[in-house]
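Working through the structure, step by step
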Amino acid sequence: AAGDRPSRLRHGLDRHGNGQRAVGGAALRLFATSLPAGAGDGGFPHRSRQRAVQVLFAWDLRRQSLDELFDDYYATLSSDSDDPEPKRLTSDEFMEDLVRGTVRSVESVDQRISASSSNWRIERMSTVDRNILRLAVFEMMHGGTPAPVVIDEALELARQFGGDESRSFVNGIL
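Residues numbered from 1 in each chain as written. Predicted model: local features only at pLDDT ≥ 70, side-chain atom pairs only at ≥ 80, totals over all residues. Heavy atoms only, no water.

**A closer look at the packing of aromatic side chains**
The description of two aromatic rings rests on the distance between their centres and on the angle between their planes. Summed over all chains, the structure comprises 2 aromatic pairs. Look at Tyr73 and Tyr74: their rings are 6.2 Å apart centre to centre, the planes differ by 65 degrees, and that puts the pair in the edge-to-face class. On the basis of relative accessible area, Tyr73 is assigned to the buried category, the value being 0%. Classification of Tyr74 as buried rests on a relative accessible area of 5%. Consider the rings of Trp120 and Phe169, whose centres lie 5.3 Å apart with planes at 75 degrees: the pair is edge-to-face. (Phe/Tyr/Trp six-rings, centres within 6.5 Å; stacked < 30°, edge-to-face > 60°. Buried < 20%, exposed > 50% of the residue type's maximum accessible area, 1.4 Å probe, protein only.)

**Topic: empty space enclosed by the protein**
Taking a probe equal in size to a water molecule and rolling it over the atoms shows the remaining empty space. The full count for this structure, using the stated rule, is 1 cavity of 30 Å³ or more. By volume, the largest cavity is sized at about 50 Å³. In terms of lining residues, the largest cavity is bounded by Arg49, Ile132, Leu135, Ala136, Glu139, Val150, Glu153, Ala154 and Leu157. At the level of secondary structure, the elements contributing two or more residues to the lining of the largest cavity comprise helix 6 (127-143) and helix 7 (147-161). For the lining of the largest cavity, a count of residues per class yields 6 nonpolar, no polar and 3 charged. (1 Å grid on protein atoms, 1.4 Å probe; cavity = no way out; pocket = protein on both sides within 12 Å on 5 of 7 lines; lining within 4 Å. Points joined across faces, edges and corners; volume = space filled by probe spheres on them. Helix = DSSP H or I, 4+ residues; strand = E, 2+ residues; numbered from the N terminus. Nonpolar A, V, L, I, M, F, W, Y, C, P; charged D, E, K, R; others polar.)

**What about the pattern of salt bridges?**
Applying the stated criterion across every chain, the model contains 11 salt bridges. Among the ionic pairs, Asp60 bridges to Arg63, the shortest N-O distance being 3.1 Å. Look at Asp60 and you get buried, because its relative accessible area is 11%. In this structure Arg63 comes out as partly exposed when scored by relative accessible area, which is 49%. Residues Asp67 and Arg100 are paired through a salt bridge, measuring 2.7 Å at the closest nitrogen-oxygen approach. With a gap of 33 residues between them, Asp67 in helix 3 (residues 66-79) and Arg100 in helix 4 (residues 93-104) connect regions that are remote in the sequence. (Salt bridge = Lys/Arg side-chain N within 4 Å of Asp/Glu carboxyl O.)

**As for the confidence of the model for the chain**
For the chain, the average pLDDT comes to 77, and 68% of its residues sit at 70 or higher. Ignoring residues within four places in sequence, the model shows residues 1-43, a span with pLDDT below 50, making 100 contacts including any to other chains. (pLDDT = per-residue confidence, 0-100. Contact = heavy atoms within 4.5 Å.)

Next up, the structure:
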């Protein structure tokens, strides 16, 4: 429930997730390889943040309902695996909390980003960078995760998903 959400968002930094990459610049392909045991159960917050960026990217482009996006995302995880018997992820509560919270708070989050990016309007930012920033700002505002951890995670996500200048851009805004 909403009352226990902040405690569920307090996760430490863990970098055991596979590297997922953006494919084709503007198009972010939602995919993952077979998942290790424990993925999505709170033991892999970095992977959950990767997933959150992917779902936020799709939401930003399509403005589709979050439940539909989550269903599509989970279906894509198992359908893109080369494993003949993939371990299907059906839920990642941390990722879903991050996405739902970010979308619910998008106006206040975007205002904070805009206040720190005087030379960039939010709509002019790349979709990937904008959603990495949204995720990070939301998590710093409401997640209870220490700011240095959130910033480090955002920079890693920018390196993984963004363009050549994304890491510097995200770092400058945060």
